[in-house]
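Residues per chain are reported as follows:
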Amino acid sequence: MNLYELTIHEASDEMRRGRITSGDLMESLKQRISEVEERVHAYVTILDRPEETKSPSSDRQEEQGPLSGIPVAVKDNMTTRGIRTTCSSKMLSNFIPHYDATVVDRLRQNGVVILGKTNMDEFAMGSSTETSYMGATRNPWNLERIPGGSSGGSAAAVAADECIAALGSDTGGSIRQPAAHCGVVGMKPTYGRVSRYGLVAFASSLDQIGPITKDVTDCALLLNAISGHDPRDSTSVKVPAPDFTSALTGEVRGLTIGVPAEYFVEGMQPEVEDAVRTALSLLEERGAVIKEVSLPHTGYAIATYYILATAEASSNLARYDGVKYGYRTENASDLMDMYMQTRAQGFGPEVKRRIMLGTYVLSAGYYDAYYRKAQQVRTLIKNDFDQAFQTCDVLITPTSPTTAFRIGEKINDPLQMYLSDIFTISVNLAGIPGISVPCGFDNSGLPIGLQIMGRHFNEKAILRSAYAYEQQTDWHRKRPVL
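Figured I'd write up the structure that's included with this text. In this text the structure is predicted, and so the values were computed from the model without any measurement.

Phe123, Phe385, Ile435 and Leu463 are the most contacted members of the largest nonpolar core, which has 140 residues in total. When residues in this core are grouped by element, the largest group, nine residues, is from helix H9 (residues 301-316). Other than its neighbours up to four places away in sequence, Phe123 contacts Cys87, Ser89, Met91, Leu92, Val200, Phe202, Leu317, Tyr320, Phe347 and Val351.

Turning our eyes to something else, we now look at the side chain of Asn316. If you trace the backbone, Asn316 turns up in helix H9. Here the side chain of Asn316 touches Phe202 through a polar contact of 3.0 Å, landing on its backbone oxygen. Once residues lying within four places of it in the same chain are set aside, the contact partners of Asn316 are Ala201, Phe202, Ala203 and Ser204.

So, on to the sheet that holds strand S8 (residues 289-293). With mixed pairing, eleven strands are arranged side by side in an open sheet as S1-S3-S2-S4-S6-S5-S10-S11-S9-S7-S8. In the strand order of this sheet, the two ends are held by strand S1 (43-46) and S8, each with one partner. Sheet twist, expressed as the mean angle between neighbouring strand axes with direction ignored, is 30°. Direction of pairing for strand S4 (residues 165-170) relative to strand S6 (residues 208-213): antiparallel, over a ladder of five bridges. When the sheet's bridge partners are listed, Ala166 is paired in S6 with Ile212.

On to helix H8 (residues 270-285), then. In this model, H8 (16 residues) spans 23 Å end to end at C-alpha, consistent with the 22 Å of a helix rising 1.5 Å per residue. Among the residues of H8, Glu271, Val272, Ala275, Val276, Ala279, Leu280, Leu282 and Leu283 are the ones counted as buried. Next to the buried residues of H8 lie strand S7 (256-260), S8, strand S9 (394-398), strand S10 (434-441), strand S11 (447-454) and helix H15 (459-471). Two residues or fewer past H8, Gly287 is found with a positive phi of approximately 110°.

For the rest of this paragraph, the subject is the environment of Asn412. Structurally, Asn412 can be placed in the loop between S9 and helix H13 (414-419). Along the sequence, Asn412 and Glu350 sit 62 residues apart, while their C-alpha atoms lie 9.9 Å from each other.

Here we come to unusual backbone geometry. Cis geometry is adopted by the peptide bond preceding Ser150, which originates at Gly149 and carries an omega value of 5°. Tracing the backbone through its elements, the reader meets Ser150 in the loop between strand S3 (113-118) and helix H5 (152-159). In this structure, Cys87 is a non-glycine residue whose phi angle is positive, near 55°. The backbone of Thr129 sits at a positive phi, close to 60°, despite the residue not being glycine. Of note, Thr129 is situated in the loop between S3 and H5.

Moving on to the packing of aromatic side chains. Considering all chains together, one arrives at 16 aromatic pairs under this definition. Ring centres 5.8 Å apart and planes at 55° place the aromatic pair Tyr360 and Tyr370 in the tilted group. Pair noted here: Tyr360 is in helix H11 (residues 349-362) and Tyr370 is in helix H12 (residues 368-388), with a separation of ten residues, a long-range link. Site record: aromatic cluster; members linked through ring pairs are Phe95, Phe123, Tyr320, Tyr325 and Phe347. Over the ring of Phe264 we find Arg277, and its NZ or CZ is 4.0 Å from the ring centre.

Time to look at the pairing of S6. Judged by how many residues are buried, S6 sits mostly within the fold: six of six residues are covered. Across two bridges, the pairing between strand S5 (residues 185-188) and S6 is antiparallel. By the bridge assignment, Gly186 is partnered in S6 with Ile212.

Attention now moves to the environment of Val481. Here Val481 lies in the segment after H15. With relative accessibility at 81%, the residue Val481 sits in the exposed group. Here the alpha-carbon distance between Val481 and Trp141, two residues 340 residues apart in the chain, equals 7.2 Å.

About the cut-offs
- Residues numbered from 1 in each chain as written.
- Predicted model: local features only at pLDDT ≥ 70, side-chain atom pairs only at ≥ 80, totals over all residues.
- Heavy atoms only, no water.
- Core = buried A, V, L, I, M, F, W, Y, C linked by side-chain atoms within 4.5 Å.
- Buried < 20%, exposed > 50% of the residue type's maximum accessible area, 1.4 Å probe, protein only.
- Helix = DSSP H or I, 4+ residues; strand = E, 2+ residues; numbered from the N terminus.
- Contact = heavy atoms within 4.5 Å.
- Polar contact = N/O pair within 3.5 Å; in protein donor to acceptor, adjacent residues only side chain to side chain.
- Pairing = 2+ DSSP bridges.
- Axes fitted to C-alpha atoms, helices over the stretch in contact; angles between N-to-C directions.
- Expected span 1.5 Å × (residues − 1).
- Phe/Tyr/Trp six-rings, centres within 6.5 Å; stacked < 30°, edge-to-face > 60°.
- Lys NZ or Arg CZ within 6 Å of the ring centre and 35° of its normal.

Set out below in structure tokens:
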């Protein structure tokens with residue numbers, strides 16, 4: 001096995017035994033990146049000397065932890081001190097922050113080596129990583145297919161063994177959907193579990209940072225490092241973060257798994273449904289109790305999300321006006337013209353579309369009809385989950401209704417693109433945690449993802465279920481040939 005193929009826990013074990021060093025791991029990854037990155041395009045920025053990004057304050061005990069010396073990639077919407085943070089947008093193409101996001105700081109404190117910044121849909125707005133100003137990322141399983149989005153660069157980097165693990169952000173499925181399409185593990189924690197300080201805002205009530213890894217054990221290890229209260233984030237919740245690895249028992253006997261009827265819809269790719277049903281049967285054989293449940297307001301999730309998310313995007317992106325930082329047009333005749341030209345030239349088509357939609361739903365005369373109504377429906381969606389979790393420990397669904405589609409197939413059809421997140425969006429609206437784990441392949445050899453959802457701050461139940469399933473299969477060990 002090549003060193004770049006190792007998981008976090010495998011690499012940590014090898015280093016602890018003195019068989020390899022962090023430098024050996026870095027050299028292997030650099031070689032791998034040089035071989036495949038030109039075809040995959042997972043990165044926006046690759047650090048020439050990533051060892052210099054380690055925190056000088058890491059003490060001896062921390063450096064002996066399970067993440068010490070592990071090279072990790074970070075989605076390019078998380079600020080990194082002295083390292084370009086672009087959000088894959090022309091608007092921030094030369095922006096260099098003076099501070100680290102809390103999650104980046106916590107990685108450094110755990111001895112992690114920041115390898116680079118990964119490509120994404122511009123300002124995290126997209127489901128395919130095709131809206132990036134830096135160019136599209138390609139799926140390592142089939143270079144003619146999308147890797148998912150908006151964290152497509154992080155998922156592709158992990159799948160292609162261009163990093164040991166990565167961080168992504170999830171506003172409507174942007175960790176779980178690309179993880180499913182790339183055949184890796186991706187987790188969106190409970191809203192408030194992980195600090196958003198230093199995450200460039202898209203939709204502040206929906207955004208959440210989480211891990212993208214090669215297996216569930218790595219997911220738990222990375223979640224351990226980034227979780228916990230942060231006074232710099234007003235939405236960070238003062239709930240103690242447990243040791244998530246303690247949930248990895250491999251046992252699901254007595255666990256009640258709900259299967260929402262609304263998530264098995266007409267038009268879903270048959271191989272996706274078959275793979276998920278097979279996974280449910282396997283868990284039932286291991287002692288889990290399977291029962292059908294209903295989430296009756298699921299059908300309203302897409303419309304609700306694209307009102308709330310665009311409204312928040314309109315507000316959050318108002319700060320990009322060319323005055324304080326970021327791109328500024330060179331040919332403005334006056335201040336108003338500078339504002340208009342800067343935003344017209346600095347944002348791509350999808351970002352402009354969402355800003356306009358959001359501005360519309362917040363405008364006078366339409367607020368009550370759209371934004372207020374969407375907030376009311378959001379409450380109904382959350383109540384559906386609360387009701388289901390009264391009788392179930394976790395819920396299981398497909399992560400995406402189809403496997404990865406072709407590059408260019410939906411880029412000019414926004415509605416079809418938005419529908420690719422139909423199974424993930426409700427999790428963000430309700431603020432609950434969710435994970436995607438590999439559960440098979442379609443007839444074209446493209447990965448299929450299994451989504452497991454849990455109660456607020458009950459990531460351990462999700463990880464327990466995901467790990468138990470993973471230990472009975474070998475889907476997570478499959479790697480694309482590049």
